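Fold and geometry: a report
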Amino acid sequence: MSLIIDTIAGHLPPKRKATPSGWISFNAVCCHHNGTGQDTRQRGGIMITEGVSYHCFNCGFKSSWQPGRPLSVKFKKLLAQCIV
Ligand SMILES: [Zn+2]
């Protein structure tokens, strides 16, 4: 496991659920940073495979990272939001 995946997996909200398609959903961490109300309906989702995809159906923020690729600005923002 990469440090990036370990970091994200270690900071997911405790209240979360896994869907059969492999997404883990929880109250999104991004919304209040994007000018939208805090998600209370577990509309944030993350898929962890060899990389990471994040999608929020509340404010519309999405970002992903694949091994060997540099971290995008949006993905760095997501990491900061997860960890703070
Ligand atoms: Zn959001």
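Since the model is a prediction, treat every value here as computed from it, not as a measurement. (Residues numbered from 1 in each chain as written. Predicted model: local features only at pLDDT ≥ 70, side-chain atom pairs only at ≥ 80, totals over all residues. Heavy atoms only, no water.)

In this section: the packing of aromatic side chains. Applying the stated rule across the entire model yields two aromatic pairs. When the centroid spacing of 6.3 Å and the interplanar angle of 35 degrees are considered together, the rings of phenylalanine 26 and tyrosine 54 count as tilted. Here the residue phenylalanine 26 occupies a position in strand β2 (residues 23–26), and tyrosine 54 occupies one in strand β4 (residues 52–56), the gap between them amounting to 28 residues. With respect to class, phenylalanine 26 is no different from tyrosine 54; both count as buried. Cluster of aromatic residues (ring-pair linked, three or more members): Phe26, Tyr54 and Phe61. (Phe/Tyr/Trp six-rings, centres within 6.5 Å; stacked < 30°, edge-to-face > 60°. Helix = DSSP H or I, 4+ residues; strand = E, 2+ residues; numbered from the N terminus. Buried < 20%, exposed > 50% of the residue type's maximum accessible area, 1.4 Å probe, protein only.)

Taken together, Cys30 (SG), Cys31 (SG), Cys56 (SG) and Cys59 (SG) make up the protein donors of the zinc ion, found 2.3 to 2.4 Å from the metal. Geometry at the zinc ion is tetrahedral, judged from its four donor atoms and the angles of 100 to 124 degrees they form at the metal. In the primary structure, the donors to the zinc ion are separated according to the pattern C-C-x24-C-x2-C. Residue cysteine 30 is found in the loop between β2 and β3 (44–48), and its partner cysteine 59 is found in the loop between β4 and β5 (62–65); the two are separated by 29 residues along the sequence. (Donors = N, O, S within 2.8 Å, 3.2 Å for Na, K, Ca; no water. Tetrahedral: all angles 85-135°; square planar, octahedral: opposite > 155°, others 65-115°.)

Here we come to the sheet that holds β4. Within the open sheet, the five strands sit side by side as β1-β2-β3-β4-β5. Their pairing is antiparallel. The open sheet has two edge strands, β1 (16–18) and β5, and neither has a second partner. Pairs of neighbouring strands in the sheet enclose a mean axial angle of 15 degrees, with direction left out of account. Pairing of β3 with β4 involves five bridges; the strand directions are antiparallel. Paired with isoleucine 48 across the bridge in β4 is valine 52. Helix α1 (residues 3–11) rests against β3, β4 and β5 of the sheet, and its axis sits at about 145 degrees to β3. (Pairing = 2+ DSSP bridges. Axes fitted to C-alpha atoms, helices over the stretch in contact; angles between N-to-C directions. Contact = heavy atoms within 4.5 Å.)

This part is about the side chain of aspartate 39. Tracing the sequence through the fold places aspartate 39 in the loop between β2 and β3. Put simply, aspartate 39 is tucked away with no salt bridge, and the nearest opposite charge, on arginine 43, sits 5.4 Å away. At 2.7 Å, the side chain of aspartate 39 and the backbone nitrogen of arginine 43 are in polar contact. Residues within four places of aspartate 39 in sequence aside, it is in contact with Phe26, Asn27, Ala28, Cys31, Gly44 and Asn58. (Lys, Arg positive; Asp, Glu negative; His and termini not counted. Salt bridge = Lys/Arg side-chain N within 4 Å of Asp/Glu carboxyl O. Polar contact = N/O pair within 3.5 Å; in protein donor to acceptor, adjacent residues only side chain to side chain.)

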